[in-house]
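Summary of structural features
Residue strings, one per chain:
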Amino acid sequence: MILYIVATPIGNLADITLRALDTLRKVDIIACEDTRHSQILLKKYEIEKKLLSYHAHSGQSKVEKLIAALKDGQEVALISDAGTPGISDPAYSLIKAALNEGIKIEPIPGPSAFLTAIVASGLPMNQFTYLGFIPTKKGRQTLLKSLAEEKRTVVFYESPHRIQKTLSQLEEFTGGERRIVIGRELTKIHEEFIRGTVTEVKEGFAERKPKGEFVVVLGGKGVV
Ligand code: SAM
């Protein structure tokens, strides 16, 4: 009875570990968010497996089905559409339920967008705060205001259609002089790091429409 938590690429399909591939080849079931999306990766590595969907809206019945399969002696690998399951992706309720049933969890580490961005950001990374996706409505202002006093580097995910609003709010609440780095389309053909102050980066986006996937890395208070 093992539930493997397997990290998969965040863009470049070559970013998968040998152990991840061995695991995906040996398990009985692969639980994934979007079966069509995961098939692209699995097809590239000639892995044919039974796929079961497990996504943010799956509910308790999917968890129970996977737990039943595990208790029946089957090995299950959980993957997400990109990166590490559980990092702003579904995994938590399945892991919790598995542990409650005495099922062993084996993580197979690999890519995650926030780590990929932070290591190339040039901002301090000895300590940082990961915020996942910041709230879009309730709690958003309070959170952004709290960043004004944050001395650690802060990293979070943002969608292309909200990035300009976020930059404007950061300018308002934390000041336009704070260092910021946007990691865009990481590991993909159009990978880019946009560096500057909050105001500079905001003005850059006013001239070209933001496109793709984004990680925001905000320098702490006092970082130059
Ligand atoms: N589990 C993933 C991880 O480990 O990073 C995160 C999944 S979360 C649903 C998706 C968000 O991660 C995207 O909206 C984007 O903010 C960020 N992301 C994922 N892949 C990325 C990439 N290649 N470049 C930049 N950001 C990425």
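The structure presented is a predicted model; accordingly, all values stated were derived computationally and were not measured.

Moving on, we come to the domain arrangement of the protein chain. What the domain assignment reports for the protein chain is domain 1 (2-108) and domain 2 (113-218). For domain 1 versus domain 2, the distance between C-alpha centres works out to 29 Å. Contacts between domain 1 and domain 2 engage 6 residues on the former and 11 residues on the latter. Overall, the association of domain 1 and domain 2 removes approximately 570 Å² of surface from exposure, summing both partners, and the carbon and sulfur fraction of that is 61%. Area buried by domain 1 at its contact with domain 2 is led by Ile 10, Ile 87 and Ser 88, which between them contribute 77% of it. In this structure, the connection of domain 1 to domain 2 is made through 0 salt bridges. The interface formed by domain 1 and domain 2 holds 2 residue pairs in polar contact (both at pLDDT 80 or more) in total. Residue classes in the side of domain 1 that touches domain 2 are distributed as 2 nonpolar, 3 polar and 1 charged.

Within a sheet, neighbouring strands are paired by backbone hydrogen bonds and run either parallel or antiparallel to one another. Ordered in space as S6-S7-S10-S8-S9, the 5 strands form an open sheet in which the pairing is mixed. Each edge of the sheet is formed by a strand with only one pairing partner; in this case those strands are strand S6 (128-133) and strand S9 (192-197). Adjacent strand axes in the sheet meet at a mean angle of 15 degrees when their direction is disregarded. Sheet topology note: the strand S8 (residues 179-184)/strand S10 (residues 214-218) ladder contains 5 bridges and is antiparallel. Each residue of the ladder has a partner; that of Val 181, found in S10, is Val 217. Its contacts with the sheet place helix H5 (residues 113-121) against S6, strand S7 (153-158), S8, S9 and S10, and it is angled at close to 50 degrees to S10.

The next point concerns the packing of aromatic side chains. One pass over the structure, following the stated rule, counts 5 aromatic pairs. Consider the rings of Phe 133 and Tyr 157, whose centres lie 5.7 Å apart with planes at 65 degrees: the pair is edge-to-face. Placement of Phe 133 in strand S6 and of Tyr 157 in strand S7 is noted, with a sequence separation of 24 residues between them. Take Tyr 157: its relative accessible area is 10%, and that puts it in the buried class. Aromatic rings pair up to connect Phe 114, Phe 128, Tyr 130, Phe 133 and Tyr 157 into one cluster.

It is the contact of helix H3 (residues 60-71) with helix H4 (residues 92-100), at a shortest axis distance of 10 Å, that shows an interaxial angle of 45 degrees. With respect to their mutual orientation, H3 and H4 come out oblique. As for the relative orientation of H3 and H4, their crossing is right-handed in sense. Residue-level inspection shows Val 63, Leu 66 and Ile 67 of H3 in contact with H4, the latter providing Ser 93, Leu 94, Ala 97 and Ala 98. Residue composition of the contact of H3 with H4, by class: 6 nonpolar, 1 polar and no charged.

What follows is about the packing of helix H7 (residues 163-174) against helix H8 (residues 198-207). One way to put it is that H7 packs onto H8 with a least axis distance of 9 Å and a crossing angle of 150 degrees. In terms of their interaxial angle, H7 and H8 are classed as roughly antiparallel. Classified by chirality, the crossing of H8 by H7 is left-handed. Residue-level contacts link Ile 163, Gln 164, Leu 167, Ser 168, Leu 170 and Glu 171 of H7 to Val 198, Thr 199, Val 201, Lys 202, Phe 205 and Ala 206 of H8. When the residues that make up the contact of H7 with H8 are grouped by side-chain class, the tally is 7 nonpolar, 3 polar and 2 charged.

Burial in H8 covers these residues: Val 198, Thr 199, Val 201 and Phe 205. Along the axis of H8, the buried positions cluster into a sector of 165 degrees, meaning they face one direction only. On its buried face, H8 is in contact with H7, S8, S9 and S10.

Conventions used here
Residues numbered from 1 in each chain as written. Predicted model: local features only at pLDDT ≥ 70, side-chain atom pairs only at ≥ 80, totals over all residues. Heavy atoms only, no water. Domains from an automatic or database assignment. Contact = heavy atoms within 4.5 Å. Buried area = accessible area lost by both parts, 1.4 Å probe. Salt bridge = Lys/Arg side-chain N within 4 Å of Asp/Glu carboxyl O. Polar contact = N/O pair within 3.5 Å; in protein donor to acceptor, adjacent residues only side chain to side chain. Nonpolar A, V, L, I, M, F, W, Y, C, P; charged D, E, K, R; others polar. Pairing = 2+ DSSP bridges. Helix = DSSP H or I, 4+ residues; strand = E, 2+ residues; numbered from the N terminus. Axes fitted to C-alpha atoms, helices over the stretch in contact; angles between N-to-C directions. Phe/Tyr/Trp six-rings, centres within 6.5 Å; stacked < 30°, edge-to-face > 60°. Buried < 20%, exposed > 50% of the residue type's maximum accessible area, 1.4 Å probe, protein only. Parallel < 35°, antiparallel > 145°, perpendicular 65-115°, else oblique. Left-handed = near helix turned anticlockwise from the far one by under 90°. Arc of directions from axis to C-beta.

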